[in-house]
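# Analysis of the macromolecular model
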Amino acid sequence: MTTTTRHSSGPTHALEVAPVSPLTGLGGLLRLYGRISRRQIIIWVLAIGLSVAASVAAMKGVYPDQQALDARAALLENPSAVMMTGPAFALDHYTFWAMVANELLLYVLVAVAIMSILLMVRHTRAEEEAGRLELVRALPVGRSAPPTAALLLVALANAGVGVSVVLGLLVTGGPLVDSLAVGLATALTGMVFGGVAALTAQVTEHAGSASGLALGAAAVSFMVRGIGDVVDAQGSWLSWFSPFAWAQQTRLFVDLRWWPLAVTLAAILVLLGLAAVLSRRRDVGAGLRPAAHGPAAATRSLPDPAGLAVRLVTPMMVAWTVGLFLFAIAFGSLANSLQDMVSEIPAVGDMVPLDLDDLTTSFAAYVLQMLAIGPLGLIVAGILRLRTEEQEGRLAGILMAGSSRTSTSTAVRWVLVVALSTTVVQLLLGLGLGIGLLQATGETSWLAVMPLAALAALPAIALAGAVTVALYGLRLRLAGVAWLLVIWAAIDTFLGDLLDLPDVVRSISPLRHVPLVPDADLDVSALAGMSVLAVLLVLVGLWGLRRRDLAAG
């Protein structure tokens, strides 16, 4: 007897999932990404909008008449001023709002570019690297939904910044149409660099590398625009290779023209289209550029926490040091333009603490304080990288490997590496400022004076790092709050005198307690107090780290 086997043509699963469209699940992912990054977006939007309003309000007091504006226009004859601000339009009839666009717009564009890059990488490559995107894709979610949700979130963040910039200009009396153009230019420039980040996220497997490549592209754009504007004060052909120049070439508050923003929009479409094409040429979690094979055996120092810290923190330190060093040289070279500017604008003393009896020295001291914000942020970022290693589970791997017996000893070695690296950065910034002052004055003594003066800010920088260690040790999720200290230090340094902020509020900034050497006398007691407080906060952080469990990773 034979048996006939019948094959069913029906579904083989108890529940058959219907095919999904490429954008299925988009709404849910957008809400999820928005919930994850809502605090960062709110901080960016408020910080940029309030900074614009406060800066414009303060400028009205510094440049009260046409004589002051003409003196500000004369400063643009210095190539360093053009490189750090932008093209100089309508210098023969320099209006207040033309000055606002020239002095303020570039730094708003830089801020929104950094925001867009960090957000885009956070919700694309970082999700892949952590393995979360693969889990999401296992659900009934369309292939295009995750990157589209990331793109929409970045677009919403840029729209929010654009609106806040427009409001900041309008409440201070800015013309309506030009203010709207500033907001649109800001948002579109942010989207360009969001597109750059979406592209770099396809190239490499690691979020850090993707962010580094995109931030490097922003730095190159800044330099290309600066060099192009130095070649021609109103922008040369070289300037047009920079997205920053496209916004500035709209000639805001002078002779508004909209067509450069069409170039920006076209660049956004090209970058996003290219990123979409490249994303289909690789596997989830992989990059177009395969990760390089490392050596068969690690160097002797790499398994040690200090060696690992050097390996992970050094690239960030080097990249930012190069940019800040060039800024230091450019700022120093402005010293030869001070005398004429101060004589024409007496209120400039309300903007920066200048000593009229020794303009160059007081200017150098203030610029050194401004530059110290860079190392202040670097020490916080370097220590927070330890938090990332813990969250990803790699810190636990170091402990299991036996290269460090406790999490506290690992943290101590890591913090020491970051502190030493930041010290080197601060010294190099002093040297860069000295080089700029040498170019402006011809006095070689600045090459020795400014690096030594830069050392005065080290206790304040150490205090910011100690606050980060304390927050990280006590509670992992609190560590990011340390960035608020850096933000406030920047606000106080740039706008504290202009806004006449109360001393009690200004004293929150560690840099507020640093004497403006070499112009002022060295106050050893204030520096010693910050050093002692830094040591105590580090001990508190280590105590907290010893008492809590490490993140599972």
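Structure: above.
These lines cover the structure that appears in this document, whether it is placed above or below. (Residues numbered from 1 in each chain as written. Predicted model: local features only at pLDDT ≥ 70, side-chain atom pairs only at ≥ 80, totals over all residues. Heavy atoms only, no water.)

### Brief notes about the environment of V322
Where we set the bar: Numbering of helices and strands starts at the N terminus; helices are DSSP runs of H or I of at least 4 residues and strands are runs of E of at least 2. Each residue is placed in one exposure class: buried if its accessible area under a 1.4 Å probe, protein chains only, is under 20% of its type's maximum, exposed if it is over 50%, and partly exposed if it falls in between.
As for its placement among the helices and strands, V322 is situated in helix α12 (residues 305-332). On the accessibility criterion, V322 (48% relative accessible area) is partly exposed. Remark: the alpha-carbon pair of V322 and L429, spanning 107 residues in sequence, is separated by 9.4 Å.

### Considerations on the side chain of R257
Formally: Residues scored as charged are limited to Lys and Arg (positive) and Asp and Glu (negative), so that His and the chain ends carry no count. Any carboxyl oxygen of Asp or Glu that lies within 4 Å of a side-chain nitrogen of Lys or Arg is treated as forming a salt bridge with it. Counted as a polar contact is a pair of N or O atoms within 3.5 Å, where, for protein atoms, one must be capable of donating a hydrogen and the other of accepting one, and residues adjacent in sequence contribute only when both atoms are in side chains.
Examined against the element boundaries, R257 turns out to sit in the loop between α10 (243-248) and α11 (259-279). D255 provides the closest opposite charge to the buried, unpaired R257, separated from it by 6.6 Å. At 2.7 Å, the side chain of R257 and the backbone oxygen of Q249 are in polar contact.

### Points about helix α9 (residues 207-231)
Rule in force here: Multiplying 1.5 Å by the residue count of a helix minus one yields the expected span of that helix. Contacts between residues were defined by any pair of non-hydrogen atoms, one from each residue, lying within 4.5 Å.
The terminal C-alpha atoms of α9, which comprises 25 residues, lie 36 Å apart, in line with the 36 Å expected from a rise of 1.5 Å per residue. Among all positions in α9, only A207, A210, S211, A214, A218, S221, F222, R225, G226, G228 and D229 are buried. Looking at the buried side of α9, the elements it contacts are α3 (79-85), α4 (96-122), α5 (125-130), α8 (176-203), α10 and α12.

### Some thoughts on the packing of aromatic side chains
Selection rule: Any two rings among Phe, Tyr and Trp, with Trp reduced to its six-membered ring, count as a pair given centres within 6.5 Å; such a pair is stacked if its planes are under 30 degrees apart, edge-to-face if over 60, and tilted if neither. The criterion for a charge sitting over a ring is simple: Lys NZ or Arg CZ within 6 Å of the ring centre, and within 35 degrees of the ring normal.
Using the criterion set out here, one finds eight aromatic pairs in the structure. With centroids separated by 5.0 Å and ring planes inclined at 25 degrees, the aromatic side chains of F193 and F244 adopt a geometry described as stacked. In this pair, F193 is assigned in helix α8 and F244 in helix α10, connecting sequence segments 51 residues apart. Ring pairs connect the aromatic residues F193, F222, F244, F327 and F331, which therefore count as one cluster. Sitting above the plane of the F222 ring, R225 keeps its charged end 5.2 Å from the centroid. A cation over an aromatic ring shows up here: R548 above the ring of Y472, its NZ or CZ 5.1 Å from the ring centre.

### A word on unusual backbone geometry
A cis amide bond, omega 10 degrees, links V517 with the succeeding residue P518. Tracing the backbone through its elements, the reader meets P518 in the loop between α21 (503-506) and α22 (524-547). Despite not being glycine, R251 shows a phi value in the positive range, around 55 degrees. Residue placement: R251 occurs in the loop between α10 and α11.

### Points about helix α14 (residues 359-371)
With 13 residues, α14 should reach 18 Å at 1.5 Å per residue; the first-to-last C-alpha distance of 18 Å fits that figure. Extensive coverage of α14 is indicated by the burial of 13 of its 13 residues.

### Some words on the pattern of salt bridges
Under the criterion given, the structure shown has ten salt bridges. R225 is the partner of D229 in a salt bridge, and the nearest nitrogen-oxygen pair spans 2.8 Å. You can see D229 and its partner R225 sitting in helix α9, four residues apart, about one turn around the helix. Taking relative accessible area as the criterion, D229 reaches 1% and is therefore assigned buried. A salt bridge links R506 to D492; the shortest N-O distance between them is 2.5 Å. Here D492 lies in helix α20 (residues 482-499) and R506 lies in helix α21, a separation of 14 residues in the sequence. Bridged by salt links that share partners, the residues R122, E127 and R132 form one connected network.

### A few points about the environment of D232
Position of D232 relative to the elements: it lies in the loop between α9 and α10. Relative accessible area serves as the criterion here: at 35%, D232 is assigned to the partly exposed category. Sequence separation of D232 and P87 is 145 residues, and the distance between their C-alpha atoms is 8.1 Å.

### Some words on the nonpolar core
Put simply, the rule reads: Working definition of a nonpolar core: buried Ala, Val, Leu, Ile, Met, Phe, Trp, Tyr and Cys residues. They are joined through side-chain atoms within 4.5 Å.
Counting residues in each nonpolar core, the largest one holds 148 residues, and the members touching the most others are V100 and L169. The dominant element in this core, judged by the number of residues it contributes, is α4, at 19 residues. Beyond its immediate stretch of four places on either side in the chain, L169 contacts V52, V56, W97, V100, G174, S179, V182 and F253.

### Considering the environment of G190
Here G190 shows up in helix α8. In this structure, the C-alpha to C-alpha distance between G190 and G162, residues 28 residues apart in sequence, is 9.4 Å. Among all residues touching G190, those that are not within four sequence positions of it are V112, S116 and N158.

### With respect to a nonpolar patch on the surface
Under the convention used in this document: Think of a patch as exposed residues, more than 30% relative accessible area, with no salt bridge, where like charges cluster within 9 Å and nonpolar side chains (Val, Leu, Ile, Met, Phe, Trp, Tyr) cluster within 5 Å. For every accessible area listed, the method is Shrake-Rupley and the probe measures 1.4 Å; residues are considered covered only by the protein chains on display.
Judged by side-chain polarity, V163, L167, L170, L176, V177, L180, L184 and W258 come together as a nonpolar surface patch covering roughly 720 Å² of accessible area. For the nonpolar patch, the secondary-structure elements that each account for two or more residues are α7 (145-170) and α8. When you line up the elements, L167 lands in helix α7. By relative accessible area, L167 is classed as partly exposed at 48%.

### Description of the packing of α7 against α8
Which entries qualify depends on this criterion: Lines fitted to the C-alpha atoms define the axes, with helices restricted to the stretch that makes contact. Angles between their N-to-C directions range from 0 to 180 degrees. Small angles under 35 degrees read as roughly parallel and large ones over 145 as roughly antiparallel, with 65 to 115 read as roughly perpendicular and the rest as oblique. Crossings are sorted by hand: turned counterclockwise from the far helix by less than a right angle, the near helix makes the crossing left-handed, and turned clockwise it makes it right-handed. Gly is put with the polar residues, along with every residue not named as nonpolar or charged; the nonpolar set is Ala, Val, Leu, Ile, Met, Phe, Trp, Tyr, Cys and Pro, and the charged set is Asp, Glu, Lys and Arg.
α8 packs onto α7 with a crossing angle of 155 degrees between their chain directions and a minimal axis gap of 8 Å. Between α7 and α8, the interaxial angle falls into the category roughly antiparallel. Judged by the twist between their axes, the crossing of α7 over α8 is right-handed. Contact residues: α7 offers L151, V154, A155, N158, A159, V161, G162, V165, V166, L169 and L170, while α8 offers L176, S179, L180, V182, G183, T186, A187, G190 and M191. Its residues placed into classes, the contact of α7 with α8 shows 14 nonpolar, six polar and no charged.

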